[in-house]
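Chain by chain, the residues:
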Amino acid sequence: MDAPLLELKNASFSAAGNDIVKGVSLEFAEGETVALVGPSGSGKSTVLKLVAGIVVPTQGSVRWKGSDIASMGRSQNLAFRRETAFVFQDSALWANQNIRQNLEIPLKTHFPEMRSEDRNSRVREALAESGYRRTLEIRPADLSMGEQKLVGFSRAMVLRPSTLFLDEWTESLDEFAARRLVNAVREKKKQGKTIVFVSHNFAVIKDLADRIVMIVDGRVSLSVTHEQFAKDANLAQYIEQGISV
Ligand SMILES: Nc1ncnc2c1ncn2[C@@H]1O[C@H](COP(=O)(O)OP(=O)(O)O)[C@@H](O)[C@H]1O
Ligand SMILES: [Mg+2]
């Protein structure tokens, strides 16, 4: 088997005296779509941020293409950032930058030589993907939570990443917008992108995930393939109950 694209090796994360993630080991193959599920506060977002290199483990390691993310050299770290993108549960847009600037910052960081026409078309393309239609000359605080979510999704897509980390990316959206963002991710999956997502939506999990990993109290409590849970009604019910808490 090929080496995994991403790998958590006995990774733990503690903060403010709390053990939030406790010795988690997981592998993510290139092109795989994995759902992280579990009750609220169980550590799903923290595990996702560990895999994405946004949070550094207090013990253990996270590897991308075999290299420890925490000790990678600058050029490899830049490549990792360029090829991966994170959609935050709370959108996490830059508050003092307008929508255009929010999307331009990643492009200017990774492609400083890009011509402004090309940058504009990449920004337009990424916004069209999420269906964001309002002005670009507006600050995030003047948008609804749902609109911010669309912009957060588009900002993540603007670099055309090959790996996506999505944290509850359809929550707080109306049904139409949520369907659009699920369709957008299904399209990425078809293109062979690697996707790790957190969701409480069982229909979305069933639709997209090749594998489901349940996190309970900072530990992996279950890891099953789509085939395993598709043919086992008890397992499916167990997962559905586990994510609705
Ligand atoms: N940096 C941090 N400092 C202190 N507590 C944190 C930190 N990050 C997460 N937590 C806490 O750890 C628990 C798990 O958080 P999180 O990973 O966001 O869970 P989930 O996404 O499953 O709801 C929560 O109680 C949260 O408040
Ligand atoms: Mg969370």
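Rules and cut-offs
Residues numbered from 1 in each chain as written. Chains lettered and ligands numbered in written order. Predicted model: local features only at pLDDT ≥ 70, side-chain atom pairs only at ≥ 80, totals over all residues. Heavy atoms only, no water. Pairing = 2+ DSSP bridges. Helix = DSSP H or I, 4+ residues; strand = E, 2+ residues; numbered from the N terminus. Contact = heavy atoms within 4.5 Å. Axes fitted to C-alpha atoms, helices over the stretch in contact; angles between N-to-C directions. 1 Å grid on protein atoms, 1.4 Å probe; cavity = no way out; pocket = protein on both sides within 12 Å on 5 of 7 lines; lining within 4 Å. Points joined across faces, edges and corners; volume = space filled by probe spheres on them. Nonpolar A, V, L, I, M, F, W, Y, C, P; charged D, E, K, R; others polar. Salt bridge = Lys/Arg side-chain N within 4 Å of Asp/Glu carboxyl O. Buried < 20%, exposed > 50% of the residue type's maximum accessible area, 1.4 Å probe, protein only. Donors = N, O, S within 2.8 Å, 3.2 Å for Na, K, Ca; no water. Core = buried A, V, L, I, M, F, W, Y, C linked by side-chain atoms within 4.5 Å. Near = heavy atom within 4 Å. Polar contact = N/O pair within 3.5 Å; in protein donor to acceptor, adjacent residues only side chain to side chain. Areas by Shrake-Rupley, 256 points an atom, 1.4 Å probe, with all protein chains shown as cover.

Caption draft 1: Quick peek at the sheet that holds strand β4 (residues 59-64). Read from one edge to the other, the open sheet built from four strands follows the order β2-β1-β4-β5, with strand pairing classed as antiparallel. At either margin of the open sheet sits one strand with a lone partner, and together these are β2 (18-28) and β5 (67-68). Here two bridges tie β4 to β5, and the two strands are oriented antiparallel to one another. Residue tryptophan 64 lies in a different strand from β5, and its bridge partner there is serine 67. Packed on one face of the sheet, helix α2 (residues 74-83) meets β1 (6-15), β4 and β5 and runs near 75° to β4.

Caption draft 2: Fine view of the layout of surface pockets. Size it by volume and the largest pocket reaches roughly 460 Å³. Along its surface, the largest pocket is lined by 18 residues, and Arg81, Thr84, Phe86, Trp94 and Pro106 are the ones closest to its centre. Those elements giving two or more residues to the lining of the largest pocket turn out to be α2, β6 (84-87), α3 (99-110) and α5 (145-157). Top contributing element to the lining of the largest pocket by residue count: α3, with four residues. Looking at the second largest pocket, its volume works out to about 190 Å³. Around the second largest pocket, the lining is made up of 14 residues, and of these Gly131, Glu147, Leu150, Asp174 and Ala177 lie nearest the centre. At the level of secondary structure, the elements contributing two or more residues to the lining of the second largest pocket comprise α5 and α6 (175-190). The class makeup of the residues in the lining of the second largest pocket is five nonpolar, four polar and five charged.

Caption draft 3: The arrangement of the pattern of salt bridges in detail. Within this structure, the stated rule accounts for 14 salt bridges. Across the pair lysine 188 and glutamate 129 runs a salt bridge, and its minimum N-O distance is 2.5 Å. Of this pair, lysine 188 sits in helix α6 while glutamate 129 sits in helix α4 (residues 116-130); the two residues are 59 residues apart in sequence, bridging distant segments of the chain. On the basis of relative accessible area, glutamate 129 is assigned to the partly exposed category, the value being 22%. Its salt-bridge partner being lysine 189, residue aspartate 210 comes within 2.6 Å of it at the nearest N-O pair. Here aspartate 210, found in the loop between α7 (202-208) and β9 (211-216), pairs with lysine 189, found in helix α6; they are 21 residues apart in sequence, far enough to count as distant. Overall, aspartate 210 belongs to the partly exposed group, its relative accessible area being 29%. Here the residues in one salt-bridge network are Arg115, Glu117 and Asp118, joined through shared partners.

Caption draft 4: Local environment of the coordination of the magnesium ion (ligand 2). Listed as protein donors to the magnesium ion (ligand 2) are Ser45 (OG) and Gln89 (OE1); their distances from the metal cover 2.1 to 2.5 Å. Of the two residues, serine 45 sits in helix α1 (residues 44-51) while glutamine 89 sits in the loop between β6 and α3, which places them 44 residues apart along the sequence. Given a relative accessible area of 19%, serine 45 falls into the buried group. Glutamine 89 gets classed as partly exposed once you look at its relative accessible area, which sits at 36%.

Caption draft 5: Representation of the nonpolar core within the structure. With 49 residues, the main nonpolar core has Leu166, Trp169, Phe197 and Ile239 as its most contacted residues. Here phenylalanine 197 is in contact with Thr33, Val34, Ala35, Leu36, Leu166, Trp169, Val204, Ile205, Leu208 and Ala209, once residues within four sequence places are set aside. Membership of the second largest hydrophobic core comes to 29 residues, among which are Val55, Phe165, Val213 and Ile215.

Caption draft 6: Looking closely at the site of ligand 1. Near ligand 1 the following residues occur: Ala15, Ile20, Pro39, Ser40, Gly41, Ser42, Gly43, Lys44, Ser45 and Thr46. Take glycine 41: an N or O atom from its main chain is 2.7 Å from an oxygen atom of ligand 1. Serine 42 places a main-chain nitrogen or oxygen 3.1 Å from an oxygen atom of ligand 1. Bound to the protein, ligand 1 loses 57% of the 560 Å² it would expose on its own. Here the shell around ligand 1 takes three residues from α1, the largest share from any one element.

Caption draft 7: Structural detail: the sheet that holds strand β3 (residues 33-37). If you walk across this open sheet you meet the six strands as β6-β7-β8-β3-β9-β10, and the pairing is mixed. Of all strands in the sheet, those with a lone pairing partner are β6 and β10 (219-225), marking the two edges. Each neighbouring strand pair of the sheet contributes to a mean axis angle of 15°, computed without reference to strand direction. Judged from the four bridges that link them, β3 and β9 form a sheet pairing that is parallel. Across the sheet, the residue bridging to valine 34 is arginine 211, located in β9. Across the sheet, α1 touches β3, β6, β7 (163-167), β8 (194-198) and β9, and the angle it forms with β7 is around 160°. On the sheet, α5 packs against β6 and β7 and is oriented at approximately 175° with respect to β6.

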